[in-house]
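Okay, here's what each chain looks like letter by letter:
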Amino acid sequence: MGSMERGRARTAAARGNSALLSRIVSYGPLPAQRVEWFAPASVESDDRTAPRPIFVMFHGGWWQEGSIDDGGRYAAAIVAAGGVHVAVGYTLAPAASLRAIVAEAASALAAIASTAADHGGDPKRIVVAGHSAGAHLAASLITALVPESTRDLVAGLLLVGGIYDLSPLAESYVNEKVGMSAEEVRRFRLHHASMVYQDPASALNPSLKVGPQLAEAFEILGQSRKEARASALAAMAKVQIADPGRVYERYPHQLSGGMQQRIVIAMALACDPQLLV
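To keep things clear, this report deals only with the structure shown in the data block. (Residues numbered from 1 in each chain as written. Predicted model: local features only at pLDDT ≥ 70, side-chain atom pairs only at ≥ 80, totals over all residues. Heavy atoms only, no water.)

## Examining the overall build of the protein chain
For the record, the criterion: Here a strand is any run of E in DSSP of at least two residues, a helix any run of H or I of at least four, and the numbering for each starts at the N terminus. For the exposure calls, accessible area comes from a 1.4 Å probe over protein chains only, and a residue counts as buried if that area is under 20% of its type's maximum, exposed if over 50%, partly exposed in between. All accessible areas in this document rest on Shrake-Rupley with a 1.4 Å probe, and a residue is counted as covered only by the protein chains that are shown. Residues counted as positive are Lys and Arg, residues counted as negative are Asp and Glu, and His and the chain ends are not counted. Lys charges are placed at NZ, Arg charges at CZ, Asp charges at CG and Glu charges at CD.
In terms of helices and strands, the protein chain carries 13 helices and eight strands. Seen along its three principal axes, the alpha-carbon backbone of the protein chain occupies a region of about 65 × 45 × 35 Å. Within the protein chain, the proportion of its 277 residues that are buried is 44%. Of the roughly 13500 Å² that the protein chain leaves accessible, carbon and sulfur atoms contribute 53%. Measuring between centres, the 25 positive side-chain charges of the protein chain sit 4 Å from its 25 negative side-chain charges.

## A word on the sheet that holds strand E5 (residues 121-131)
To summarise the sheet geometry, strands pair through backbone hydrogen bonds and adopt either a parallel or an antiparallel arrangement. Stated formally: Strand pairing is assigned whenever DSSP identifies at least 2 bridges connecting the two strands. All axes here are fitted lines through C-alpha atoms, helices being fitted over the stretch that makes contact, and every angle between N-to-C directions spans 0 to 180 degrees.
If you trace the six strands from one edge of the open sheet to the other, you get E1-E2-E4-E3-E5-E6, paired in mixed fashion. Strands with a single pairing partner mark the edges of an open sheet, and in this sheet they are strand E1 (20-26) and strand E6 (156-160). Direction aside, the axes of adjacent strands within the sheet are offset by 20 degrees on average. As judged from the four bridges shared by strand E2 (residues 34-40) and strand E4 (residues 84-88), these two strands associate in the antiparallel manner.

## Examining helix H11 (residues 225-238)
Keep this limit in mind: Take the residue count of a helix, subtract one, and multiply by 1.5 Å to get its expected span. Here, the arc refers to the directions that run from the helix axis to the C-beta atoms. Contacts are assigned to residue pairs that have any heavy atoms within 4.5 Å of one another.
Between its terminal C-alpha atoms H11 stretches 20 Å, which fits the 20 Å expected from 14 residues at 1.5 Å a residue. Considered for burial, the residues of H11 that qualify are Ala 228, Ser 231, Ala 232, Ala 235 and Met 236. Mapping the buried residues of H11 onto a view down its axis gives an arc of 140 degrees, with all of them on the same face. Against helix H10 (210-220), helix H12 (244-248) and helix H13 (257-269) lie the buried residues of H11. Looking at the residues trailing H11, positive phi occurs at Gln 240, about 65 degrees.

## Focus: the nonpolar core
The line we're drawing: Residues belong to a common nonpolar core when they are buried Ala, Val, Leu, Ile, Met, Phe, Trp, Tyr or Cys residues joined through side-chain atoms within 4.5 Å.
Counting residues in hydrophobic clusters, the biggest one holds 38 residues, and the most contacted among them are Phe 58, Trp 63 and Leu 141. Of all elements in the fold, only E2, strand E3 (52-58), E4, helix H3 (98-114), E5 and helix H4 (133-140) reach the threshold of two or more residues within this core. Counting residues in hydrophobic clusters, the runner-up holds 18 residues, among them Val 210, Phe 218, Ala 228 and Tyr 248.

## So, H10
All of the buried residues in H10 are Val 210, Gly 211, Gln 213, Leu 214, Ala 215 and Phe 218. Those residues of H10 hidden inside the fold are in contact with H11, H12 and H13.

## Description of the pattern of salt bridges
Our working definition: Any carboxyl oxygen of Asp or Glu that lies within 4 Å of a side-chain nitrogen of Lys or Arg is treated as forming a salt bridge with it.
Considering all chains together, one arrives at six salt bridges under this definition. Here Glu 249 makes a salt bridge to Lys 209, at a shortest N to O gap of 3.0 Å. Here Lys 209 lies in the loop between helix H9 (200-203) and H10 and Glu 249 lies in the loop between H12 and H13, a separation of 40 residues in the sequence. The shortest N-O distance in the salt bridge between Arg 246 and Asp 243 comes to 3.6 Å. Classification of Asp 243 as partly exposed rests on a relative accessible area of 35%. Because the salt bridges share partners, they merge into one network encompassing Arg 15, Glu 36 and Asp 69.

## Brief notes about the packing of H10 against H11
As a reminder of what qualifies: Throughout, the term roughly parallel applies to angles under 35 degrees, roughly antiparallel to angles over 145, roughly perpendicular to angles from 65 to 115, and oblique to all others. In a left-handed crossing the near helix is turned counterclockwise from the far helix by less than a right angle, and in a right-handed crossing that turn is clockwise. Each residue is assigned to one of three groups, with Ala, Val, Leu, Ile, Met, Phe, Trp, Tyr, Cys and Pro labelled nonpolar, Asp, Glu, Lys and Arg labelled charged, and all others, Gly among them, labelled polar.
For the pair H10 and H11, interaxial distance at closest approach is 8 Å and the crossing angle is 115 degrees. On the basis of the axis angle, H10 is roughly perpendicular to H11. As for how H10 packs across H11, the hand of that crossing is right-handed. Side by side, H10 and H11 meet where Val 210, Gly 211, Leu 214, Ala 215, Phe 218 and Glu 219 of the first sit next to Arg 225, Ala 228, Arg 229, Ser 231, Ala 232, Ala 235 and Met 236 of the second. Along the lines of polarity and charge, the residues of the contact of H10 with H11 split into eight nonpolar, two polar and three charged.

## Concerning the pairing of E3
Applicable threshold: We call a crossover right-handed when, viewed with the strands running away from us, the connection from the first strand over the helix to the second turns clockwise.
Among the seven residues that make up E3, six are buried, leaving the element largely enclosed by the rest of the structure. Judged from the five bridges that link them, E3 and E4 form a sheet pairing that is parallel. If you follow Val 56 over to E4, its bridge partner there is Val 86. The handedness of the E3 to E4 crossover, carried by helix H2 (residues 75-80), is right-handed.

## Some details on the environment of Ser 107
Tracing the backbone through its elements, the reader meets Ser 107 in helix H3. C-alpha of Ser 107 to C-alpha of Pro 147: the two residues are 40 residues apart in sequence and 9.9 Å apart in space.

## Some details on the pairing of E2
Of all seven residues in E2, six are buried, a share of seventy percent or more. Note that E1 and E2 share seven bridges and pair antiparallel. Looking at the pairing, Ser 22 lines up with Phe 38 of E2.

Below is the structure:
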């Protein structure tokens, strides 16, 4: 049984659990624009005035598979732990572009916050979670891809196996349905999110000095070669590299693993991202 099948089975079990109350509510006019709330079927009177934290779950599936029918896999555990679970559905590609899907995610979150009290939830304690493509959507909700009022609703994030660097996907079969343009990929990566890879040696070109590699990150942002060099030296100092001028001229293999990691961190911070993974 695959992950999506397990999710459907667990969601079905949660819907059939007499200890849980499941309610499906639309947040927009399209068929997939629905959320499913899971709350206790009965609570003690002392708990009725105590709003519960809200766990919002975005399903995965490369933005082209899945629904709320597999989004309630954690509902029983969340409710048992004292929370309210909300599974979010959204229009899938190719019927919707990635930008449109992100906009739907923002609309869903706003609707969840505005109706939280109706379901015993606390709109000030919303943790947004997601798996795979769902983690990308969850992460997008704290970036400039969505309104500031929406970003302010997120009290915490739980990202599982997420997709944050979209550039490899633009050349893969996934993009046949998602239809991301090169500019869309570049816009998200450069202005909203950056990644610090676990293995810095594999993230650096062994045949090039680390300084020019770091400077290239600033050139991509529109700086001249001279400006990019100055910005690269400043970025090295920012990540506490003691002698930026000397390190600038070194090749990756001439640096320790820790020093390589600092270079990669400096690259990731070059665009002043709102999300650093």
